[in-house]
Amino acid sequence: MSAPAINERYTLTAISLHWLVALLIFAGFSLGWIMTDIPGLTPTKLRYFSWHKWLGVTIFFFVCIRVLWRLTHRPPPLPPMPRWQRIAAQVSHGTLYGLMLLIPLAGYLYSYAAGVPVVYLGLIELPPLITPNPAHEDIFKYTHIGLNFTMAALVIGHIAAALGHHFIRRDGVLARMVPFLYRRTES
Amino acid sequence: MRIIRWAVVPFMLAAMAAWAQTPAANPGAISFVAKQMNVPVKGQFKQFSARIQFDPARPAAGKAAVEIDVASLDLGDEEFNYEMNTKTWLDTRAYPKATFVSSAIKPIAPDRLEVSGKLTIKGKTLEVTVPVTLKTDGRARVLEGTLPIRRTTFNIGEDEWRDTSVVADEVQIRFRLIAAPQ
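Residues numbered from 1 in each chain as written. Chains lettered and ligands numbered in written order. Predicted model: local features only at pLDDT ≥ 70, side-chain atom pairs only at ≥ 80, totals over all residues. Heavy atoms only, no water.

Engineer: Whenever I open this one, helix α2 (residues 78-85) of chain B confuses me. Can you help?
Structural biologist: Count 3.6 residues to each turn of an α-helix, and residues three or four apart come out pointing the same way. Residue and element names in this part refer to chain B. Taken together, the buried positions of α2 are Asn 81, Glu 83 and Met 84. Buried residues along α2 cover an arc of 160° about the axis, so they all sit on one side. For α2, the exposed residues lying more than 90 degrees away from the buried face are Glu 78 and Tyr 82. Those residues of α2 that are buried are in contact with β6 (73-74). For α2, the N-terminal capping position is held by Asp 77, with its side-chain oxygen 3.0 Å away from the main-chain nitrogen of Glu 79. (Buried < 20%, exposed > 50% of the residue type's maximum accessible area, 1.4 Å probe, protein only. Helix = DSSP H or I, 4+ residues; strand = E, 2+ residues; numbered from the N terminus. Arc of directions from axis to C-beta. Contact = heavy atoms within 4.5 Å. Polar contact = N/O pair within 3.5 Å; in protein donor to acceptor, adjacent residues only side chain to side chain.)

Right under this line is the structure:
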């Protein structure tokens, strides 16, 4: 057996933030899908809308920290791979960071364009960045939805790439982000 | 002399009837704020009329009657507006009007009154008292105030909406009414 191509992993902070944000995004995306499918107006629907917004604000907050962490910490090196794959990885990671910030922002602006303030956890009313305007409402709504589907496609690619590296190439790329896999490759 | 005195009566009755029946459109505003998951939800009634008789020299002799076209409610969203008109919320087909008719006006300070009267919403009448601030706008008198109500008392939001954990029970009704110069 050849030695694992990588013997360096992401910092524990980066790993924790990655999986925390992944979980929150999965919850926010699912809730967004479920709540918009509820017909008419029900208490459950309103409750889900609030939770969805709170999730979005939380995601935005943690992604800001992630971006700061990423900018101040060098990620572990990639194993040898074709140039196009390196570029694809960099471009998709950069785009994912952008989307993780833009999607909650578009949702936030959608809410304020509709004249509905966001009250985080039902406690803190967040600042209105824009004035209510029905003409802008649809723009932010479809931006929010469009960016979400773009991200869903990218996330599927992201997961496919990670699994491909782990099960087909077996080059230790996934282990950089999954602590228990890392220990295994290390031994 | 007695004839003359009795001759006044029809005019008085006519005046009273006119006062009761033809409330004039008022250039003021009636709005409300409800809370949904602690998010303030603002709305307004685009059509209402008010009949206000108010003489600052004799505030206690004043009278106020307000009639709101409930269906003119605007929450700034078509879907919400539609919902508010349904039986569950304001049932505007069965109860098109919400009214307030004063029974007593008590002066508290030169610019403050306490107005008591009957408030009717969705067919339910309640005796309420509301503090009113008196302002002057040119020659007109402006009456401003906020009347907090409990929506469940008036059956606003039935069935699953009775639960006040999503839409709070308290709704603030804000009004700004103009009393024409006497």
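Engineer: Just checking my understanding: could you explain helix α4 (residues 134-169) of chain A for this structure?
Structural biologist: Residues and elements named next belong to chain A. Taking 1.5 Å of rise per residue, the 36 residues of α4 would be expected to cover 52 Å, and the 51 Å separating its terminal C-alpha atoms lies within 8% of that figure. Within the sequence span of α4, burial applies to Glu 137, Phe 140, His 144, Asn 148, Met 151, Ala 162, Gly 164 and His 165. Buried residues along α4 sit in contact with α1 (12-37), α2 (43-72) and α3 (83-113). Its side-chain oxygen placed 2.9 Å from the backbone nitrogen of Ala 135, Asn 133 serves as the N-cap of α4. Following α4 by one or two positions, Arg 170 adopts a phi angle in the positive range, close to 50°. (Expected span 1.5 Å × (residues − 1).)

Engineer: Which parts of the structure should I look at to understand the nonpolar core?
Structural biologist: In summary, soluble globular proteins display a tendency toward joint burial of nonpolar side chains. Ranked by internal contacts, the top residues of the largest apolar core, which has 50 residues, are Ile 30, Ile 52, Leu 113, Leu 119, Ile 121, Ile 149 and Leu 177 of chain B. Here this core takes five residues from strand β11 (residues 170-179) of chain B, the largest share from any one element. Leave out the neighbours within four places in its chain, and Leu 177 of chain B touches Asn 26, Ile 30, Phe 48, Ala 50, Ile 52, Val 66, Arg 141, Val 142 and Leu 143 of chain B. Core analysis: the second largest hydrophobic core is formed by 13 residues, Leu 24, Ile 25, Tyr 97 and Ile 103 of chain A among them. (Core = buried A, V, L, I, M, F, W, Y, C linked by side-chain atoms within 4.5 Å.)

Engineer: How should the interface of chain A and chain B be read in this particular structure?
Structural biologist: Many descriptions give the size of an interface as the accessible area lost when the pieces come together. If you look at the interface, chain A gives 15 residues, while chain B gives 14 residues. Here chain A packs against chain B, burying approximately 1300 Å² in sum over the two surfaces, 64% of which is carbon and sulfur. The three residues of chain A that bury the most area against chain B are Leu 41, Pro 43 and Leu 46 of chain A, which together make up 44% of that side's buried surface. Applying the counting rule to chain A against chain B returns two residue pairs in polar contact (both at pLDDT 80 or more). Top element by residues in the side of chain A that touches chain B is α2 of chain A. It accounts for seven residues. Looking at the side of chain A that touches chain B residue by residue, the classes come out as eight nonpolar, four polar and three charged. (Buried area = accessible area lost by both parts, 1.4 Å probe. Nonpolar A, V, L, I, M, F, W, Y, C, P; charged D, E, K, R; others polar.)

Engineer: Even after reading the chapter, I still don't get the packing of α1 of chain A against α2 of chain A, so can you show me in this structure?
Structural biologist: Describing two packed helices takes the angle between their axes plus the distance from one axis to the other. Residues and elements named next belong to chain A. Look at α1 against α2: their axes get within 9 Å of each other, and the N-to-C directions meet at 155°. As the angle between them shows, α1 and α2 are arranged roughly antiparallel. Of the two elements, α1 crosses α2, and the hand of that crossing is left-handed. Split into classes, the residues belonging to the contact of α1 with α2 amount to 19 nonpolar, seven polar and two charged. (Axes fitted to C-alpha atoms, helices over the stretch in contact; angles between N-to-C directions. Parallel < 35°, antiparallel > 145°, perpendicular 65-115°, else oblique. Left-handed = near helix turned anticlockwise from the far one by under 90°.)

Engineer: In this structure, what is going on with the side chain of Asn 81 of chain B? I would like to understand it.
Structural biologist: All names here are of chain B. Examined against the element boundaries, Asn 81 turns out to sit in helix α2. We classify Asn 81 as buried; its relative accessible area is 14%. If sequence neighbours within four positions are ignored, Asn 81 has contacts with Leu 73, Asp 74, Leu 75 and Gly 76.

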